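This is what each chain is made of:
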Amino acid sequence: MMTAKKLISGAAAYTICTFSLAVGWHVLLFKERYESFGYFEGEPNFLLGLLTIVLQGVLLCVLFPMLKAGGSSYQRGVKFALIAGAFFWTSHVLAFVAKQEVPGASAFVFMETLYLALQFGVFGLCIGFIHREEKFI
């Protein structure tokens, strides 16, 4: 059952892990590489990026209880994260490569695949933890 506490906790967990990973990965660790991919045009808008991540977190946390998969809450969290991550991968990574000429496209796809696996892996464990007391068949 989705409670306000679980919604807020899940959205906060998604926001914290995603925003910190996004900034760390794209801006601090691999900024020059992502600039070479043409990923940034001008300075990133951190406030709009944060708002986007908050909205994604809320939407994902509303959708999670609709997954009727069996297993522990952690298994359900990882299953959900795999589905959501795959959707984000197609709409974020493949769409970016499809919309424009990306120098080193295979390297971009590889790096973003690693990033999204990390992002959604952490989120899957977090959402599983938040829903740990629920039982599903």
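Refer to the preceding data block for the structure.
Residues numbered from 1 in each chain as written. Predicted model: local features only at pLDDT ≥ 70, side-chain atom pairs only at ≥ 80, totals over all residues. Heavy atoms only, no water.

**Q** Looking at this structure, how should I read the overall build of the protein?
**A** Helices and strands together make up the secondary structure of the protein, namely five helices and zero strands. Starting at the N terminus and ending at the C terminus, the protein contains elements arranged as α-α-α-α-α. With the principal axes as the frame, the protein shows a C-alpha extent of 45 × 25 × 25 Å. Across the 137 residues in the protein, those meeting the buried criterion constitute 36%. Taking as baseline every contact in the protein between residues at least 6 positions apart, the subset at least 24 positions apart corresponds to 76%. Accessible area of the protein: about 8,000 Å², with a carbon and sulfur share of 73%. (Helix = DSSP H or I, 4+ residues; strand = E, 2+ residues; numbered from the N terminus. Buried < 20%, exposed > 50% of the residue type's maximum accessible area, 1.4 Å probe, protein only. Contact = heavy atoms within 4.5 Å. Areas by Shrake-Rupley, 256 points an atom, 1.4 Å probe, with all protein chains shown as cover.)

**Q** Where do I start with helix α5 (residues 105-130) in this structure?
**A** Helical periodicity: at 3.6 residues per turn, an α-helix aligns residues three or four positions apart in one direction. Between its first and last C-alpha, α5 extends 37 Å over 26 residues, near the 38 Å set by a 1.5 Å rise per residue. Phe108, Met111, Glu112, Tyr115, Leu116, Gln119, Phe120, Phe123, Gly124, Ile127, Gly128 and Ile130 are the residues of α5 that are buried. The secondary structure elements touched by the buried residues of α5 are α1 (4-29), α2 (31-36), α3 (46-63) and α4 (73-99). (Expected span 1.5 Å × (residues − 1).)

**Q** What am I meant to see in the packing of α1 against α3 here?
**A** The geometry of a pair of packed helices is captured by two quantities: the angle between their axes and the separation between those axes. Running from N to C, α1 and α3 point in directions that differ by 140°, and their axes come no closer than 8 Å. The angle between the axes of α1 and α3 places the two elements in the oblique class. Considering how the two elements wind past one another, α1 and α3 form a crossing that is right-handed. Residues Leu7, Gly10, Ala11, Tyr14, Thr15, Thr18, Phe19, Val23 and Val27 of α1 touch α3, and the partners they reach there are Phe46, Leu50, Ile53, Val54, Gln56, Gly57, Val58, Leu60, Cys61 and Val62. Counted by class, the contact of α1 with α3 contains 14 nonpolar, five polar and no charged residues. (Axes fitted to C-alpha atoms, helices over the stretch in contact; angles between N-to-C directions. Parallel < 35°, antiparallel > 145°, perpendicular 65-115°, else oblique. Left-handed = near helix turned anticlockwise from the far one by under 90°. Nonpolar A, V, L, I, M, F, W, Y, C, P; charged D, E, K, R; others polar.)

**Q** What is the right way to read the environment of Ile127 from this model?
**A** Looking at where Ile127 falls in the secondary structure, it is placed in helix α5. Since its relative accessible area comes to 0%, Ile127 is described here as buried. When the C-alpha atoms of Ile127 and Ser9 are compared, they prove to be 8.6 Å apart, with 118 residues separating the residues in sequence.

**Q** It is not clear to me how α3 should be interpreted in this structure. Could you clarify?
**A** Compared with the 26 Å implied by 1.5 Å per residue over 18 residues, the 26 Å span of α3 between its first and last C-alpha is a close match. Among the residues of α3, Ile53, Gly57, Leu60 and Cys61 are the ones counted as buried. What you see down the axis of α3 is that its buried residues fit within an arc of 95°, all on one side. Counted as exposed and oriented over 90 degrees from the buried face of α3: Leu47 and Leu59. (Arc of directions from axis to C-beta.)

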